[in-house]
Amino acid sequence: SHEKICRYIARESELVVVSVGYRLAPEHKYPAAYEDCLNATIHFMKNIEHYGVDPANVIVCGDSAGGNLAAAVSQTLAGRSDLPRLRAQILIYPGLQALDFNLPSYHQNRGVPLLFRERAAFFALQYLNGDALHMQEVLEGSHIPPDMRLKYRKWVNPD
């Protein structure tokens, strides 16, 4: 579905973009999509000479949930000395945090189409467990225990 943008990024940057078709939620719950992307990227990087690709020219890229997956794959592979290093990651409006849907950016953009605040929470729940049973708790922020909120406040807060 994103073939044109992948081709554009590859052409304009003169880098290699590997686009992974991964299993989708809600039929395939977390971590299915992550495992698909990670396994495909590892396979590609381990067999890079077979594809005639310069290992210094490989990036991962994704938008929305795919941006989340690209970031996760990049972090996972960053410490791998048995594989070539990724050159970069391109994250296009990535879904990177589902801890707090009450941060200022969610409120400031709550009515901005395409991804309303409620829809973002719905998709996060679909990705994680395949249902939206606890949507209200997620929107209120009561799905996170106070001790966990304190632990991550340095990274997830309005300041």
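Presented here is a report on the structure given in the accompanying data block. Everything numeric in this text was worked out from a predicted model, so none of it was measured. (Residues numbered from 1 in each chain as written. Predicted model: local features only at pLDDT ≥ 70, side-chain atom pairs only at ≥ 80, totals over all residues. Heavy atoms only, no water.)

This paragraph deals with a nonpolar patch on the surface. Among the surface-exposed residues, Leu-114, Leu-115, Phe-122 and Phe-123 lie close enough to one another that they form a single nonpolar patch of about 400 Å² accessible area. Structurally, Leu-114 is set in the loop between helix H4 (104–108) and helix H5 (117–129). Of the residues examined, Leu-114 reaches a relative accessible area of 65% and is grouped as exposed. (Patch = residues over 30% accessible without salt bridge, like charges linked within 9 Å, V, L, I, M, F, W, Y side chains within 5 Å. Areas by Shrake-Rupley, 256 points an atom, 1.4 Å probe, with all protein chains shown as cover. Salt bridge = Lys/Arg side-chain N within 4 Å of Asp/Glu carboxyl O. Helix = DSSP H or I, 4+ residues; strand = E, 2+ residues; numbered from the N terminus. Buried < 20%, exposed > 50% of the residue type's maximum accessible area, 1.4 Å probe, protein only.)

Within the fold, Gly-67 resides in helix H3 (residues 65–78). When its relative accessible area of 0% is taken as the criterion, Gly-67 is described as buried. Separated by 24 residues in the primary sequence, Gly-67 and Leu-91 have C-alpha atoms spaced 4.8 Å apart.

Turning to the packing of helix H2 (residues 32–46) against H3, a few remarks are in order. Orientation of H2 relative to H3, taken along the N-to-C sense of each, is 55 degrees, at an axis distance of 10 Å. Classified by the angle between their axes, H2 and H3 sit oblique to one another. Crossing of H2 over H3 shows right-handed handedness. Residue-level contacts link Ala-33, Tyr-34, Cys-37, Leu-38, Thr-41 and Ile-42 of H2 to Leu-69, Ala-72, Val-73, Thr-76 and Leu-77 of H3. Of the residues that constitute the contact of H2 with H3, the class distribution is nine nonpolar, two polar and no charged. (Axes fitted to C-alpha atoms, helices over the stretch in contact; angles between N-to-C directions. Parallel < 35°, antiparallel > 145°, perpendicular 65-115°, else oblique. Left-handed = near helix turned anticlockwise from the far one by under 90°. Contact = heavy atoms within 4.5 Å. Nonpolar A, V, L, I, M, F, W, Y, C, P; charged D, E, K, R; others polar.)

Moving on to the pattern of salt bridges. Under the definition given, this model contains five salt bridges. Its salt-bridge partner being Glu-12, residue Arg-11 comes within 3.8 Å of it at the nearest N-O pair. The pair formed by Arg-11 and Glu-12 is uniform in burial state, with each residue classed as exposed. Notably, a salt bridge pairs Glu-118 with Arg-117, separated by 3.6 Å at the nearest N-O pair. The class for Arg-117 is buried, based on a relative accessible area of 6%.

What follows deals with H5. Here H5 is 13 residues long and its end C-alpha atoms lie 18 Å apart, about the 18 Å a rise of 1.5 Å per residue gives. All of the buried residues along H5 are Arg-117, Ala-120, Ala-121, Ala-124, Leu-125, Gln-126 and Tyr-127. (Expected span 1.5 Å × (residues − 1).)

Turning our attention to the pairing of strand S3 (residues 88–92). Of the strand pairs in this sheet, strand S2 (residues 58–63) and S3 are connected by five bridges, and their pairing is parallel. Counted as the bridge partner of Cys-61 is Ile-90 from S3. (Pairing = 2+ DSSP bridges.)

We now examine the packing of aromatic side chains. For the coordinates displayed, the defined rule picks out five aromatic pairs. Aromatic pair Phe-101 and Tyr-106: ring centres 4.8 Å apart, planes at 50 degrees, arrangement tilted. Judged by centre distance (6.3 Å) and plane angle (55 degrees), the ring pair of Tyr-152 and Trp-155 falls under tilted. Classification of Trp-155 as exposed rests on a relative accessible area of 62%. (Phe/Tyr/Trp six-rings, centres within 6.5 Å; stacked < 30°, edge-to-face > 60°.)

Given 3.6 residues to a turn, an α-helix orients residues that are three or four positions apart in the same direction. With 14 residues, H3 should cover 20 Å at 1.5 Å per step; its first-to-last C-alpha distance of 20 Å lies within 8% of that length. When H3 is considered as a whole, its buried residues turn out to be Gly-66, Gly-67, Leu-69, Ala-70, Ala-71, Val-73, Ser-74 and Leu-77. Tucked inside the fold, the buried residues of H3 contact H2, S2, S3 and H5.

Turning our attention to the environment of Asp-100. By the element assignment, Asp-100 lies in the loop between S3 and H4. Its relative accessible area of 12% is what places Asp-100 among the buried residues. Contact partners of Asp-100, with chain neighbours within four places excluded, come to Tyr-106, Arg-149 and Val-156. Engagement of the side chain of Asp-100 in a polar contact is seen with the backbone nitrogen of Asn-102, the distance being 2.7 Å. (Polar contact = N/O pair within 3.5 Å; in protein donor to acceptor, adjacent residues only side chain to side chain.)

In short, geometric facts, not functional conclusions.
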